[in-house]
Amino acid sequence: MTQEAGRGGGLDGKAVLLAAGLADLAVSTLGTALGTVRGLLRRSDAAELAAEAGDDLMARGRLVLDRYAAVPPAHLEILARHALARKTADDV
């Protein structure tokens with residue numbers, strides 16, 4: 001792509017530049033990730049590292065499920081418990 005086409009700034013030209021930039025970012029990120037994985041595979045404690053990573057992922061999963069899957073108590077149920085506690089306290 002020439003400089004004139006890039007500067008022309010038409011919508012098509014901007015879309016092409018954006019796509020090229022995203023592709024370059026994806027390729028460089030993938031290259032970095034592959035280099036990191038290659039380095040991890042060369043380590044002598046790779047099995048321990050993988051086990052720790054698995055444990056970390058399990059812990060994260062538990063946290064996510066606890067955060068989003070737990071159903072909060074019903075509002076009316078909470079009010080009924082407070083009223084019962086007050087009634088019991090007043091009777092004493």
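Being a predicted model, the structure only gives us computed values, none of them experimental.

Asks: Any details on the overall build of the chain? Residues and values, ideally.
Replies: A tally of regular secondary structure across the chain gives four helices and zero strands. Whereas a compact globule of 92 residues would reach a radius of gyration of roughly 12 Å, the chain reaches 29 Å, over 25% beyond that. Counting across all 92 residues of the chain, residues that qualify as buried make up 1%. In the form shown here, the chain has an accessible surface area of approximately 8300 Å², with 63% of it arising from carbon and sulfur atoms. With 11 positive and 12 negative side-chain charges, the chain shows a spacing of 3 Å between the two charge centroids.

Asks: Report on helix H4 (residues 75–91), specifying residues and quantitative values.
Replies: Relative to the 24 Å expected for 17 residues at 1.5 Å per residue, H4 spans 25 Å between its end C-alpha atoms, a close match to the ideal helical length. Burial of H4 is sparse: only zero of the 17 residues sit out of reach of the surface.

Asks: Outline a negative patch on the surface, listing residues and values.
Replies: A contiguous patch of negative charge on the surface is contributed by Glu-48, Glu-52, Asp-55 and Asp-56. By secondary structure assignment, the location of Glu-52 is in helix H3 (residues 46–69).

Asks: How would you summarise the confidence of the model for the chain if you had to cite specific residues and measurements?
Replies: Low pLDDT marks regions whose predicted coordinates should not be analysed in detail. Summarising the model, the chain shows a mean pLDDT of 84, and 90% of its residues fall at 70 or more. The lowest-confidence element of the chain is helix H1 (residues 3–8), averaging 50 in pLDDT; the highest-confidence one is H4, averaging 90.

Asks: A description of the environment of Ala-80 should follow, citing residues and the corresponding values.
Replies: In this fold, Ala-80 is placed in helix H4. Spatially, the C-alpha atoms of Ala-80 and Arg-62 are 31 Å apart, while their sequence positions differ by 18 residues.

Asks: Go over a nonpolar patch on the surface, please, and point to the residues and values.
Replies: Side chains of Leu-18, Leu-22 and Leu-25 sit close together on the surface and give an oily, nonpolar patch of about 310 Å² of accessible area. Within the secondary structure, Leu-22 is located in helix H2 (residues 11–41).

Asks: Can you lay out the pattern of salt bridges for me, pointing to particular residues and giving the numbers?
Replies: What the rule picks out here adds up to one salt bridge. One salt bridge in this structure joins Arg-81 and Glu-77, with 3.2 Å as the shortest N-O distance. Placement of the pair is Arg-81 and Glu-77 together in helix H4, with a separation of four residues, close to one helical turn. Residue Arg-81 is classed as exposed on the basis of its relative accessible area of 54%. Taking the relative accessible area as the measure of exposure, Glu-77 reaches 39% and is therefore partly exposed.

Conventions adopted
- Residues numbered from 1 in each chain as written.
- Predicted model: local features only at pLDDT ≥ 70, side-chain atom pairs only at ≥ 80, totals over all residues.
- Heavy atoms only, no water.
- Helix = DSSP H or I, 4+ residues; strand = E, 2+ residues; numbered from the N terminus.
- Rg over C-alpha atoms; globule rule 2.2 N^0.38 Å.
- Buried < 20%, exposed > 50% of the residue type's maximum accessible area, 1.4 Å probe, protein only.
- Areas by Shrake-Rupley, 256 points an atom, 1.4 Å probe, with all protein chains shown as cover.
- Lys, Arg positive; Asp, Glu negative; His and termini not counted.
- Charge placed at Lys NZ, Arg CZ, Asp CG, Glu CD.
- Expected span 1.5 Å × (residues − 1).
- Patch = residues over 30% accessible without salt bridge, like charges linked within 9 Å, V, L, I, M, F, W, Y side chains within 5 Å.
- Salt bridge = Lys/Arg side-chain N within 4 Å of Asp/Glu carboxyl O.
- pLDDT = per-residue confidence, 0-100.

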